[in-house]
Amino acid sequence: MGFTASKDPSGVYVVRVEGQLIVGNRQELKSAVQEALDHGERRIVIDFSRTGYIDSSGLGALVSISKKVREQGGDLRLSGLNEDLRSLFELTKLDTLFAISDTAEQAVGSFAG
Amino acid sequence: MTAPLPATLRLCVRRRRVPSPSGATVQVSLRVPSDVSCIEEVVDLVTRHCCSGAWPNRKLRFNLRVAVAEALANAIVAGNHEDRSKSVEVNAEVSGEVIRIKVTDQGEGFDPASIATPLEPEELDRPNGRGLFLIRHLVDEVQFNPQGNSICMTLRRR
């Protein structure tokens, strides 16, 4: 499990969660996004198209990251949630807190509007 | 491919036949160190043993993985406070129709009724409090022992 990050040609910073997002690695994701913020990135996508499952600590980390990004004047969007992952967001009503796109490309494109 | 089990993991798998058309009952027992880095591997191992053959349902498999990961995280972090001198017992039993997984820590226990889940719009930015709520929605039945340091989760094949 791990994270890969890249900058889209349009300037959107995309972090991909590879494997699981759980209590054992949530801090790593928080650090990755904080580092991006420290480098001036303000349009950020976290993509879950290669993610197996997320636990409540992972969901909590996303909540914290979202807050941090907002506080620093940024905008966080999520993408690539399959049916199972999306059900976790719906159960916890976190689907109402995040802007969620089907794909990373759509999430990146949504910043252009 | 997952990394080898840490030496501190103790795994015992027993299979026995039961007089039922559903076939064998599979029992898996593990002693897990209080280390969150073990969770993913233990979840994979328990899922592999519980979901072989008769449990191909993708949704059940997903629910099982999240519920076990959640119960392990609660046990290691909230129960044992990540004290490496303490461990977590995982016992899983699979019959033809039912998976039953018990996760027991060496902590003082807690009152499950005392956990409030942040579902109101003004509470959604709370980073914690969703674990037990998720478990209750992902499995068919949840029971705690009186001390509150052992959770038993039951999933049924539909």
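Our structure's up above, just so we're on the same page.
Structure report, in brief.

Of regular secondary structure, chain A possesses four helices and six strands. From first element to last, N terminus to C terminus, chain A shows the α and β order β-β-α-β-β-α-β-α-β-α. For a compact globule of 113 residues, the expected C-alpha radius of gyration is about 13 Å, and chain A comes in at 13 Å, within 12% of that figure. Here the C-alpha coordinates of chain A stretch approximately 30 × 25 × 25 Å along the principal axes. In chain A, which comprises 113 residues, the proportion classed as buried is 46%.

Once that is clear, we can look at the pairing of strand β6 (residues 150-156) of chain B. All names here are of chain B. Relative to β6, strand β4 (residues 98-104) runs antiparallel, the two sharing seven bridges. Within the sheet, the bridge partner assigned to V98 lies in β6 and is R156. As consecutive antiparallel partners, strand β5 (residues 141-144) and β6 are separated by five residues, and within that stretch G148 has a phi angle of approximately 85 degrees, a positive value.

So, on to the interface of chain B and chain A. It is common to give the size of an interface as the accessible area lost on bringing the parts into contact. On the chain A side, the residues contacting the 21 residues of chain B number 22 residues. Elements with a contribution of two residues or more to the side of chain B that touches chain A: α1 (39-50), α2 (58-79) and α3 (131-138) of chain B. Among the elements that line the side of chain B that touches chain A, the one with the most residues is α2(B), at eight residues.

This next bit is on the packing of α1(B) against α2(B). Residues and elements named next belong to chain B. The N-to-C vectors of α1 and α2 enclose an angle of 140 degrees; their axes lie 9 Å apart at closest approach. Classified by the angle between their axes, α1 and α2 sit oblique to one another. Between α1 and α2 lies a crossing whose hand is right-handed. For the pair formed by α1 and α2, the contact residues are I39, V42, V43, V46, T47 and C50 on the first element and R61, L64, R65, V68, A69, L72 and A73 on the second. A breakdown of the residues in the contact of α1 with α2 according to their chemical character gives ten nonpolar, one polar and two charged.

Analysis parameters
Here the residue numbering is sequential within each chain, running from 1 through the sequence in written order. Whichever chain is written first is A, and whichever ligand is written first is 1; the rest continue in order. With the structure being a predicted model, the display of local features is reserved for residues of pLDDT at least 70 and the display and counting of side-chain atom pairs for 80 or more, all residues being used for whole-chain, interface and lining totals. Secondary structure elements are taken from DSSP: a helix is a run of H or I of four residues or more, a strand is a run of E of two residues or more, and numbering for both begins at the N terminus. In this setup the radius of gyration rests on C-alpha atoms only. A globule is expected at 2.2 Å times the number of residues raised to 0.38. Exposure classification rests on a simple neighbour count of other C-beta atoms within 10 Å of a residue's own: a residue reaching 20 or more is buried, one at 12 or fewer is exposed, and one in between is partly exposed. C-beta atoms are placed from the backbone. Strands were regarded as paired on the criterion that DSSP finds at least two bridges between them. Note that contacts rest on C-beta atoms placed from the backbone: two residues are in contact if these are within 7 Å. The axes are straight lines fitted to the C-alpha atoms, using for helices just the contacting stretch, and the angles between their N-to-C directions are given from 0 to 180°. The labels follow the angle: roughly parallel below 35 degrees, roughly antiparallel above 145, roughly perpendicular from 65 to 115, and oblique for the rest. Throughout, a crossing is termed right-handed when the near helix is turned clockwise from the far one, and left-handed when it is turned anticlockwise from it by less than a right angle. In this count, Pro and Cys sit with the nonpolar residues alongside Ala, Val, Leu, Ile, Met, Phe, Trp and Tyr, while Asp, Glu, Lys and Arg are called charged and the others, Gly among them, polar.

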